[in-house]
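Here are the chains, one letter per residue:
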Amino acid sequence: MQLEIQDLSKTYANGVRALKSISLTISQGMFGLLGPNGAGKSSLMRTIATLQEADSGSVRLTGLPVDSYTPERLDVLTQKDAVRRVLGYLPQEFGVYPRVTAEAMLDHIASLKGIANSRERKEIVEGLLQKVNLYQVRKKNLGTYSGGMKQRFGIAQALIGSPRLIIVDEPTAGLDPAERNRFHNLLSEIGENTIVILSTHIVEDVTNLCSDMAIICLGEVVATGDPNDLVAGLNGKIWQKFIEKTEIDVYRRTHRVISTQLKGGKTRLHAYSDLPLSGFDPVSPDLEDVYFAKITEKMDVVTV
Ligand SMILES: Nc1ncnc2c1ncn2[C@@H]1O[C@H](COP(=O)(O)OP(=O)(O)OP(=O)(O)O)[C@@H](O)[C@H]1O
């Protein structure tokens, strides 16, 4: 199975070019889509989720297991109903009906997704509640759930109907570390014969979960590949120095500074250079360095 995005573009009515000829091929497994605020991640996710029109380009889902509703290939931009049958979507803003229980809501969504037999629905809903660890609180109204519980409920609803393509848009923003871990474990358990796209601006989420990724910035793909390969590509090119905060501007003028971060009251500066930098120490690069190195090619990033 593959999701093939080709030259996808979108300009909003206010003139913002949110997607500029995006091309990506996404295979089964967990795919991370990283980008700063306003990069175009949600625009891309909403287009793939059939909720928004593109101006030009194509999105195709190929190699699908064929059944009476689903052919082997789908044109995502035009065969929307068929795509929705194989899609699970957890949007960035996931509202819940506060006075409905998790169990009743999942049952309702399962009927909307076409699971007509009530016994079958009950089995599916109970299974999902167990999977996302909400079975004990299934009879509580959704309005009483914490942020993490709501996100886990969001994943349960996205999993109804055994989707082949799952899109989760910034799922861990605002979750405490324990809930974030729980959410990561849940995502990583989703079957291997599924395409999962995780859109986020949290680099660590991609480091922990994804075997393939892309970085987008200002509507364009600026990097794509295996996170380990992208990190390896920076070996020997990232240099570190601890400086006073007041010196940042001087270094920005004289070096290719990719990030500055406060560490124990000192400012830690990372710079990119093919050759050693005098007064700097070499450091092993990580995915955050890849992220900053790529997006600072396109825009000014103030990190401290
Ligand atoms: N409906 C809309 N009308 C006009 N402009 C929009 C609309 N939706 C998004 N934009 C603009 O398009 C650009 C991309 O936004 P988008 O929400 O896709 O980015 P994002 O990467 O998801 O950002 P964030 O992480 O902040 O959610 C931004 O400049 C945004 O202001």
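Predicted model, so just to flag it, every value in this text is computed and none were measured.

Asks: Can you walk me through the overall build of the protein in this structure?
Replies: Each helix and strand counted, the protein has 10 helices and 14 strands in total. On C-alpha atoms alone, the protein measures out to a radius of gyration of 21 Å, which is about the 19 Å that the 2.2 N^0.38 rule sets for 304 residues. Burial statistics for the protein: of 304 residues in total, 36% are counted as buried. Intrachain contacts of the protein at a sequence separation of at least 6 include 68% that bridge at least 24 residues.

Asks: Looking at this structure, I do not really get the packing of helix α5 (residues 147-159) against helix α6 (residues 177-189). What am I missing?
Replies: Describing two packed helices takes the angle between their axes plus the distance from one axis to the other. Look at α5 against α6: their axes get within 10 Å of each other, and the N-to-C directions meet at 10°. Taken together, α5 and α6 sit at an angle that is classed as roughly parallel. Packed against α5, whose contacting residues are Gly148, Gln151, Arg152 and Ile155, the element α6 presents Glu179, Arg182, Phe183 and Leu186 at the interface. Classifying every residue of the contact of α5 with α6 gives 3 nonpolar, 2 polar and 3 charged.

Asks: I keep staring at the sheet that holds strand β6 (residues 87-90) and nothing clicks. Help me out?
Replies: Within a sheet, neighbouring strands are paired by backbone hydrogen bonds and run either parallel or antiparallel to one another. Reading across from one edge, β6-β7-β8-β3-β9-β10 is the order of the 6 strands in this open sheet, with mixed pairing throughout. Sheet topology places β6 and β10 (220-225) at the edges, where each strand pairs with a single neighbour. Shown here is a sheet whose adjacent strand axes are inclined to one another by a mean of 15°, direction ignored. By the bridge criterion, 4 bridges tie strand β3 (residues 29-34) to strand β9 (residues 212-217) in an arrangement that is parallel. When the bridges of β9 are listed, Gly32 appears paired with Met213.

Asks: Would you mind going over the domain arrangement of the protein with me for this structure?
Replies: Accessible area lost upon the coming together of the parts is a frequently used measure of interface size. Its domain assignment divides the protein into domain 1 (2-225) and domain 2 (232-295). Just the C-alpha atoms count here: the centres of domain 1 and domain 2 sit 35 Å apart. Contacts between the two partners involve 9 residues from domain 1, matched on the other side by 6 residues from domain 2. Those elements that place two or more of their residues in the side of domain 1 that touches domain 2 are α7 (203-209), β9 and β10. When residues in the side of domain 1 that touches domain 2 are grouped by element, the largest group, 3 residues, is from α7. Partitioned by chemical class, the residues of the side of domain 1 that touches domain 2 number 8 nonpolar, 1 polar and no charged.

Asks: Looking at this model, I keep getting lost on the environment of Asp7. Mind explaining?
Replies: Along the chain, Asp7 turns up in strand β1 (residues 2-11). Residue class for Asp7 comes out partly exposed when judged on the 13 C-beta atoms lying within 10 Å of it. Between the C-alpha atom of Asp7 and that of Ser56, which follows or precedes it by 49 residues, the distance is 7.3 Å. Those residues in contact with Asp7 that sit more than four places away from it in its chain are Ser21, Ser23, Ser56 and Gly57.

Rules of the game
Residues numbered from 1 in each chain as written. Predicted model: local features only at pLDDT ≥ 70, side-chain atom pairs only at ≥ 80, totals over all residues. Helix = DSSP H or I, 4+ residues; strand = E, 2+ residues; numbered from the N terminus. Rg over C-alpha atoms; globule rule 2.2 N^0.38 Å. Buried ≥ 20, exposed ≤ 12 C-beta atoms within 10 Å, placed from the backbone. Contact = placed C-beta atoms within 7 Å. Axes fitted to C-alpha atoms, helices over the stretch in contact; angles between N-to-C directions. Parallel < 35°, antiparallel > 145°, perpendicular 65-115°, else oblique. Nonpolar A, V, L, I, M, F, W, Y, C, P; charged D, E, K, R; others polar. Pairing = 2+ DSSP bridges. Domains from an automatic or database assignment.

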